[in-house]
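# A structural walkthrough
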Amino acid sequence: MYSITILDTLGIPRSTWVSELDAARQAWNGHSRFTLYEAASNPHTVYAGIPPSRTALAVTTTVCLPGYLQDADTVFNNTVAWATDGRTWPDFRRVAVHEFGHWVRLKDTSTLSGNNYCYQYTVMYDCFPVVAGYRTLFEEDKQWLRSIYGR
Amino acid sequence: MARGIGFGWLIVVTAVSGIAAYMLIAQPTLIRSNTSSMLELLPLDKLVEHSKIIVVGEIVEQKPSVKDMVENTDVQIAYTEYILKVERYLLNNSEYEEGDTLIFKNLGGKVGIEEFIVEDSPEFKVGDRVLLLLTDEWDDFLKGSWNVVGWRQGAYTIKDGIAYNQFYKERSMPEDELVKTIEEIIKKKSK
Ligand SMILES: [Zn+2]
């Protein structure tokens, strides 16, 4: 077990990070048989702090055992000047939507090779310069979800 | 500071097909930890500014990986030590005594049946010729040891005279051009 910290140190008002994070969670629901729920107490956490590298805006770690996902955690870098207006980078909700994509085992497009390198029309796009927006799933993302979890 | 109010997030995988997909991803006896991140892109002069040592050389040895906890979390991560045979130092802004070899640490590695994949950490193999921007601080996890600045951003793999940036392919350029650019940044900073 481990402690859960609130995201107030990100410099975003509490009511805002609560609603933005919820919107990021909802972005993944309703496209497949997969649903991402919020629970009061759960080993999977979202927290604020300094990630293993300071250049990371957010870091997600997932632990997979044979057959299932044992753990998923996301840390948002609290030394970053986050924006929530949807136009300014780094956009908190945009990054949150992307990080939840790692929870369902999707990969960054920059780590893909060949023709898919830095494929833009997905929330897993992480090549630079990243712009704000991209807060809802693209058709590609929905297809990935369905290919794993079914319709 | 308020404590105890938290966000727990629960993944509920309702589809049997989901579980089947994970079985395909994971090897039967392997525990796989995957660390993915979204990096802040730093311009080259900022990366140079955060560097204490900039070096060109060849990876000659890879040590067995070691795992450790990330402070204040339940997250485990592994690192791997590499030995670099140094061709030249472009910058040494530290107490470090320049030698023929330099040891640095890099996140990621395999420890027993556990594999720690750190997607934005640079990748090396023995025989690679590289240009590295290194620091012994800044990256809190590897503090006290030489490590690459800005994860993949601070590592170039050199092949046939071209230095390929491991993060941002648009930053790849001929080796001599990169060396010249870095030397000019260093000269400007020291003025
Ligand atoms: Zn990512």
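Figured I'd write up the structure that's included with this text. What you see is a predicted model; the values in this text were computed from it and never measured.

A few words now on helix H3 (residues 175–190) of chain B. Residues and elements named next belong to chain B. Here H3 spans 23 Å end to end across 16 residues, near enough to the 22 Å set by a 1.5 Å rise per residue. Looking only at H3, the buried set comprises Glu175, Leu178, Val179, Ile182, Ile185 and Ile186. The arc that holds every buried residue of H3, seen down its axis, measures 125°, which confines them to one face. Opposite the packed face of H3, turned more than 90 degrees from it, sit the exposed residues Asp176, Lys180, Lys187 and Lys188.

The next point concerns the coordination of the zinc ion. The expected angle between donors at a tetrahedral four-coordinate metal is 109.5 degrees. At an octahedral six-coordinate metal it is 90 or 180 degrees. Residues and elements named next belong to chain A. In the first shell of the zinc ion, the protein supplies His98 (NE2), His102 (NE2) and Asp108 (OD), at 1.9 to 2.1 Å from the metal. Counting along the primary sequence, the residues that act as donors to the zinc ion give the motif H-x3-H-x5-D. Of this pair, His98 and His102 are both found in helix H2 (residues 92–103), four residues apart, which corresponds to roughly one turn of the helix. Accessibility expressed as a relative area gives 0% for His98, which makes it buried. With a relative accessible area of 2%, His102 lands in the buried category.

Tallying each qualifying case throughout the model produces three cavities of 30 Å³ or more. Estimated volume of the largest cavity: approximately 80 Å³. Contributing to the lining of the largest cavity are 14 residues, with Tyr47, Pro52, Thr61 and Val75 of chain A together with Val75 of chain B lying nearest its centre. Elements that contribute at least two residues to the lining of the largest cavity include exactly strand S3 (56–65) and strand S4 (68–77) of chain A. Counting residues per element, the lining of the largest cavity draws most heavily on S4 of chain A, at three residues.

About the criteria used
- Residues numbered from 1 in each chain as written.
- Chains lettered and ligands numbered in written order.
- Predicted model: local features only at pLDDT ≥ 70, side-chain atom pairs only at ≥ 80, totals over all residues.
- Heavy atoms only, no water.
- Helix = DSSP H or I, 4+ residues; strand = E, 2+ residues; numbered from the N terminus.
- Expected span 1.5 Å × (residues − 1).
- Buried < 20%, exposed > 50% of the residue type's maximum accessible area, 1.4 Å probe, protein only.
- Arc of directions from axis to C-beta.
- Donors = N, O, S within 2.8 Å, 3.2 Å for Na, K, Ca; no water.
- 1 Å grid on protein atoms, 1.4 Å probe; cavity = no way out; pocket = protein on both sides within 12 Å on 5 of 7 lines; lining within 4 Å.
- Points joined across faces, edges and corners; volume = space filled by probe spheres on them.

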